[in-house]
Amino acid sequence: MIQADAAFDGTFPFAPHFSAAPGFQMHYVDEGPRDGEVVLCLHGEPSWGYLFRHLVQGLSATHRVVVPDHMGFGKSATPAHRSYWLQDHVDNLEALVRALDLTNITLVMHDFGGPVGMGLAARHPGRIRRIVSANGPTPFGQSDLFDRVAANAQVSPWFQWIAKAEVSGDLELVLGQLGFNILSTLKLNGFENNAVITDAWLAAYGAHFARPADCLGAIGWAKGFATGAHQFQTPDPAADRLIRSKPALAIWGEADRTLRAEHFLPLFSAIFPTASVRRLAGVGHYCFEDAPEKITGLIAEFIQQT
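On a predicted model such as this, the values are computed, not experimentally measured, just so you know.

1. Thoughts on the pairing of strand β7 (residues 248–253)
For β7, the buried fraction is high: six of the six residues fall into the buried class. In terms of strand pairing, strand β6 (residues 128–134) meets β7 through four bridges, oriented parallel. Residue Ile131 lies in a different strand from β7, and its bridge partner there is Ala248. In the sheet, β7 pairs with strand β8 (residues 276–280) via five bridges, with the strands oriented parallel. Its bridge partner being in β8, Trp252 is matched across the sheet by Arg279. Note on the crossover from β7 through helix α11 (residues 261–271) to β8: the handedness is right-handed.

2. Overview of the pattern of salt bridges
Summed over all chains, the structure comprises 16 salt bridges. Between Arg64 and Asp30 there is a salt bridge whose closest N-O contact spans 2.7 Å. Highlighted residues: Arg64 in strand β4 (residues 64–68) and Asp30 in strand β2 (residues 26–31), separated in sequence by 34 residues. Of the two residues, Arg64 and Asp30, neither departs from the other in class, the shared state being buried. A cluster of three or more residues bridged by salt bridges with shared partners is formed by Asp91, Glu94, Arg98 and Arg123.

3. Topic: the sheet that holds strand β5 (residues 105–109)
Strand pairing in a sheet relies on backbone hydrogen bonds. The paired strands run either parallel or antiparallel. Strands sit in the order β1-β2-β4-β3-β5-β6-β7-β8 across an open sheet of eight strands; the sheet is mixed. Strands at the two margins of the open sheet, each flanked by one partner only, are β1 (17–19) and β8. The average undirected angle you get between the axes of adjacent strands in this sheet is 20°. Along the sheet face, helix α2 (residues 86–100) touches β1, β2, β3 (38–42), β4 and β5 and points at about 45° away from the line of β2.

4. Quick notes on the packing of aromatic side chains
Counted under the stated rule, the structure contains 19 aromatic pairs. Consider the rings of Phe12 and Tyr50, whose centres lie 5.8 Å apart with planes at 40°: the pair is tilted. One end of the pair, Phe12, is in the segment before β1; the other, Tyr50, is in the loop between β3 and α1 (53–59), with 38 residues separating them in the sequence. Residues Phe12 and Tyr50 agree in their burial class; the two are buried. Ring geometry for Trp48 and Tyr50: centres 5.7 Å apart, planes at 25°, overall stacked. Counting every residue linked through ring pairs, the aromatic cluster contains Phe8, Phe12, Phe14, Trp48, Tyr50, Phe191, Trp201 and Tyr205. Seen from the ring of Phe191, Lys187 lies directly overhead, with NZ or CZ sitting 4.3 Å from the centre.

Calculation rules
Residues numbered from 1 in each chain as written. Predicted model: local features only at pLDDT ≥ 70, side-chain atom pairs only at ≥ 80, totals over all residues. Heavy atoms only, no water. Buried < 20%, exposed > 50% of the residue type's maximum accessible area, 1.4 Å probe, protein only. Helix = DSSP H or I, 4+ residues; strand = E, 2+ residues; numbered from the N terminus. Pairing = 2+ DSSP bridges. Right-handed = clockwise from strand over helix to strand, strands pointing away. Salt bridge = Lys/Arg side-chain N within 4 Å of Asp/Glu carboxyl O. Axes fitted to C-alpha atoms, helices over the stretch in contact; angles between N-to-C directions. Contact = heavy atoms within 4.5 Å. Phe/Tyr/Trp six-rings, centres within 6.5 Å; stacked < 30°, edge-to-face > 60°. Lys NZ or Arg CZ within 6 Å of the ring centre and 35° of its normal.

This is the structure:
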């Protein structure tokens, strides 16, 4: 686990907050006015709240920006006795949202933050005001969900590696060394802006994964796909109707090699057929690293207009 006050040469200057509501010490950033509209940012694999550092600074003057680290990532604890499947992360997020009593939420979801956020939306549609998918899938009971996930896995280098590593027995071994191979893992998933790579940046992304026992979150997310352990939340008819009525925005870096636009944007448009879709050329999977100013502007504009 990263030290609570770690700021990585001032690139992450946010006060740490912790909640025991999910049954472990879950870290979250909570910046901006407490009476402001809530922007809840959900990261994916193998990142943490650091991914949203520019967005926090860009929105927190006017909005309450809450950025949790999922169990096993960032400054959150990595309990040895827990399972790390999708449904566990939805449970944890639900516990945090209830503990903080967050309402009027604009969900900003990246990577597996998408399924986690949509799971929360299915359980608590009344707490959600807007949906923002930024290279983050939006599974919500679509009939072709599993066909699209499977088709993406056939062409994604990351998912191809997961499948092979699980069969060969290398998955835990390789992902258990993320503290050393974090750059190659991030590059496999994809970002285009190599100028972001500094010692502080590498430390920020690798520091949580100092030992194999610290890598259970990253291992669990990959292994859950390889073994079919992740359970996508399906909304009931009332939640489905309510979420479909919300304003929504999709932002997709077209250079994403991990989550291909052609497989996942149709899932978004199936729920939100009239929503705006902004495709960003030359922007990779970690879109918040490749185009932070552009994405912050798009999200701020979307919130203002809706």
